[in-house]
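Letter by letter, the chains look like this.
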Amino acid sequence: MSKEGQLSRITPAEAAAKIREGAIAADIRSQAEYRGGHIGGALSLPPERHRDKLPDNTAPCLIFYCLGGKRTAQAEAALAELGRGRECYILEGGLQAWKAAGLPIIAEHAAPDIMRQVQTIAGGLVLFGVLAGSLVSPWFYLIDAVVGAGLLTAGLTGFCGMARLLAKMPWNR
């Protein structure tokens, strides 16, 4: 560790060597992102767990990472606190740098991210509404109005009801 609340950076090659020596990689992304691909043996520490206490049997050396490094840098103070008493690092460039270095990842079958699911469903509903409105009944255009209002609300307020609903679905847990 460098200064208080700051963690040292480590390259993918250095991280791989430390992992072979017993260090644990800690993926700070969401569960869905973790399932989509992670460093073998990595501990999943999604954002809601950044303030938890790690079990006493956790390795004495932790290497935190996200996809590209930005989220890890933003959460650095919380991660430094989480890893207090342990040797801790941030993987430079995150999982993207790890893969670019030719190092292996473990990928499980995962659903697309929530926003991609929202876009797919909203687009499908609008297309259905337009087709059914022109071929069956103009009342089907109401589907387009409701989807449009939902997207406008999400854009203006940051609240997306469809995303919240989809996050509760079993394939996104």
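This is a predicted model, so every value here is computed, not measured. Sequence order as written defines residue numbering, which begins from 1 separately in each chain. Thresholds applied to this predicted model are a pLDDT of at least 70 for local features of residues and 80 or more for the giving and counting of side-chain atom pairs; totals over whole chains, interfaces and linings are not thresholded and use all residues. Working from all heavy atoms in the structure, the side-chain values ignore hydrogens and water.

Caption draft 1: Layout of the overall build of the protein chain. We count a stretch as a helix when DSSP gives it H or I for four or more residues in a row; a strand needs E for two or more, and each element gets its number in order from the N terminus. Broken down by element type, the protein chain carries 8 helices and 5 strands. When the helices and strands of the protein chain are placed in sequence order, the string is β-α-β-α-β-β-α-α-β-α-α-α-α. As defined in this context, the radius of gyration uses C-alpha atoms, and a globule is described by 2.2 Å times the residue total to the power 0.38. Computed over the C-alpha atoms, the radius of gyration of the protein chain is 21 Å, more than 25% above the 16 Å expected from 2.2 N^0.38 for a compact globule of 173 residues. Contacts are residue-level and defined by heavy atoms, with any inter-residue pair within 4.5 Å sufficient. The contacts of the protein chain with a sequence gap of at least 6 include a subset with a gap of at least 24, amounting to 68%. Computed over 18 positive and 15 negative side-chain charges, the inter-centroid distance for the protein chain is 3 Å. Neither His nor the chain ends contribute to the count of charged residues, in which Lys and Arg are positive and Asp and Glu negative. To locate a charge, take atom NZ for lysine, CZ for arginine, CG for aspartate or CD for glutamate.

Caption draft 2: Structural detail: the packing of aromatic side chains. Between the rings of Phe, Tyr and Trp (Trp by its six-membered ring), a pair exists once the centres lie within 6.5 Å; its type follows the angle of the planes, with under 30 degrees stacked, over 60 edge-to-face, and the other angles tilted. All chains considered together, the criterion is met by 1 aromatic pair. Measuring from ring centre to ring centre gives 5.7 Å for F128 and F140, while their planes differ by 90 degrees; the resulting arrangement is edge-to-face. With F128 in helix α6 (residues 114–135) and F140 in the loop between α6 and α7 (141–157), the pair connects residues that are 12 residues apart, well separated along the chain.

Caption draft 3: Expanded view of the pattern of salt bridges. Salt bridges are identified by distance alone: a Lys or Arg side-chain nitrogen within 4 Å of an Asp or Glu carboxyl oxygen. Across all of its chains, the model carries 5 salt bridges by this definition. In this structure, E87 and K18 form a salt bridge, with 3.1 Å as the shortest nitrogen-oxygen distance. In this pair, E87 is assigned in strand β5 (residues 87–91) and K18 in helix α1 (residues 12–20), connecting sequence segments 69 residues apart. To sort residues, take the accessible area from a 1.4 Å probe on protein chains only and compare it with the maximum for the residue type: under 20% means buried, over 50% means exposed, and anything in between is partly exposed. Looking at E87, the relative accessible area reads 34%, which means it is partly exposed. The partner of R84 in a salt bridge is E81, with the nearest N and O atoms 2.5 Å apart. For R84, a relative accessible area of 48% corresponds to the partly exposed category.

Caption draft 4: Expanded view of the layout of surface pockets. Put simply, the grid is 1 Å and covers the protein atoms alone, a cavity is a trapped set of points that fit a 1.4 Å probe, a pocket is an open set with protein on both sides within 12 Å along at least five of seven lines, and lining residues have an atom within 4 Å of a point. Grid points are joined across faces, edges and corners, and a volume is the space filled by probe spheres set on the points. Looking at the largest pocket, its volume works out to about 300 Å³. Lining the largest pocket are 13 residues; nearest its centre among them are A32, E33, P112, D113 and I114. The set of elements that each furnish at least two residues to the lining of the largest pocket consists of α2 (31–36) and α6. The element contributing the most residues to the lining of the largest pocket is α2, with 4 residues.

Caption draft 5: Molecular detail of the environment of L151. Considering the arrangement of structural elements, one finds L151 in helix α7. C-alpha separation for the pair L151 and I106, spaced 45 residues apart in sequence, amounts to 35 Å.

Caption draft 6: Main features of the confidence of the model for the protein chain. Think of pLDDT as the predictor's per-residue confidence, scored from 0 to 100. On average, residues of the protein chain score 90 in pLDDT, and 96% of them are at 70 or above. The secondary-structure element of the protein chain with the lowest mean pLDDT is α2, recorded at 83, while α1 shows the highest, at 97.

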